[in-house]
Amino acid sequence: MASLRSPRAQKNARLEIIPFIDIMFFLLATFMMASLSMVQNEGIDLNLPQAATSLPSQELPKNNTVSIDADGNLFLNEQATSLEEAKPYFAQLFREDPETKVIVQGDYQCDYGKVVEVFDLARSQGLTKLILRTRKPEVSP
């Protein structure tokens with residue numbers, strides 16, 4: 001018995017690479033955007049002063065950030081507060097761990113006296129490891 005051949009020509013299976021490349025670029029972009037959203041920014045967005053000896057953010061402690069914006073408003077970990085409300089917060093930090101590090105970040109335009117008040121208040125509650133957050137200068141090409 002003779003075998004019957006299909007009227008359609010037999011095609012070999014092909015693997016198209018271009019759609020896979022498109023999918024991989026899409027996944028790469030998606031994971032990059034997702035990883036950027038996972039970066040935790042402590043405190044509020046400020047125009048920090050520049051300093052050549054500024055440390056990378058990864059080396060700074062988390063969750064103990066005091067921010068002072070350009071208008072002189074005070075924030076504890078992104079929550080608006082006042083100096084009077086910050087006093088028990090600093091006292092609690094000292095009770096939990098006397099070696100606690102506190103980051104103080106002031107906007108470039110803020111009143112220097114306000115930064116000194118925050119430092120003084122934290123030191124009056126026993127905290128001695130205070131860090132002044134700055135940013136590295138931009139390098140122009």
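Residues numbered from 1 in each chain as written. Predicted model: local features only at pLDDT ≥ 70, side-chain atom pairs only at ≥ 80, totals over all residues. Heavy atoms only, no water.

Notes on the overall build of the chain
- Scanning the chain from terminus to terminus reveals 3 helices and 5 strands.
- Expressed as a percentage of the 141 residues in the chain, the buried residues total 28%.
- Restricting to contacts in the chain with at least 6 residues of sequence separation, those with at least 24 account for 73%.
- Counting only carbon and sulfur atoms, one obtains 58% of the accessible surface of the chain, whose full area is about 10900 Å². (Helix = DSSP H or I, 4+ residues; strand = E, 2+ residues; numbered from the N terminus. Buried < 20%, exposed > 50% of the residue type's maximum accessible area, 1.4 Å probe, protein only. Contact = heavy atoms within 4.5 Å. Areas by Shrake-Rupley, 256 points an atom, 1.4 Å probe, with all protein chains shown as cover.)

As for unusual backbone geometry
- In this model, Asn77 sits at a positive phi of 50 degrees, which is unusual for a non-glycine residue.
- The backbone of Glu78 sits at a positive phi, close to 75 degrees, despite the residue not being glycine.
- The topology assignment puts Glu78 in the loop between strand S2 (74-76) and strand S3 (79-81).
- Note on Glu78: relative accessible area 44%, which makes it partly exposed.

Quick notes on the sheet that holds strand S4 (residues 101-106)
- Pairing is mixed in the open sheet, where 5 strands are placed in the order S3-S2-S1-S4-S5. Of all the strands in the sheet, the pair left with one neighbour each is S3 and strand S5 (129-132). Strand-to-strand twist of the sheet, defined as the mean angle between neighbouring strand axes without regard to direction, takes the value 30 degrees.
- Here 3 bridges tie S2 to S3, and the two strands are oriented antiparallel to one another. Residue Leu76 lies in a different strand from S3, and its bridge partner there is Gln79.
- The strands that helix H2 (residues 83-96) touches are strand S1 (65-68), S2, S3 and S4; relative to S2, the one it contacts most, it runs at about 30 degrees. (Pairing = 2+ DSSP bridges. Axes fitted to C-alpha atoms, helices over the stretch in contact; angles between N-to-C directions.)

Some points on the packing of aromatic side chains
- For the structure on display, the rule yields 1 aromatic pair.
- Pairing Tyr89 with Phe90 gives two aromatic rings, centres 6.0 Å apart and planes at 55 degrees, and the pair type is tilted. In terms of burial, Tyr89 and Phe90 fall into one category: buried. (Phe/Tyr/Trp six-rings, centres within 6.5 Å; stacked < 30°, edge-to-face > 60°.)

Focus on the side chain of Thr100
- Along the chain, the position of Thr100 falls in the loop between H2 and S4.
- We classify Thr100 as buried; its relative accessible area is 9%.
- In terms of polar contacts, Thr100 uses its side chain to reach the backbone carbonyl oxygen of Leu93, at 3.5 Å.
- Apart from the residues within four sequence positions on either side, Thr100 is in contact with Asn64, Leu93, Leu127 and Lys129. (Polar contact = N/O pair within 3.5 Å; in protein donor to acceptor, adjacent residues only side chain to side chain.)

What to know about a nonpolar patch on the surface
- Together, Leu15, Ile17, Phe20, Ile21, Ile23, Met24, Phe25, Phe26, Leu27, Leu28, Phe31 and Met32 make up a nonpolar patch on the protein surface, roughly 1300 Å² of accessible area in all.
- Mapped onto the elements of the fold, Phe31 is located in helix H1 (residues 17-38). (Patch = residues over 30% accessible without salt bridge, like charges linked within 9 Å, V, L, I, M, F, W, Y side chains within 5 Å. Salt bridge = Lys/Arg side-chain N within 4 Å of Asp/Glu carboxyl O.)

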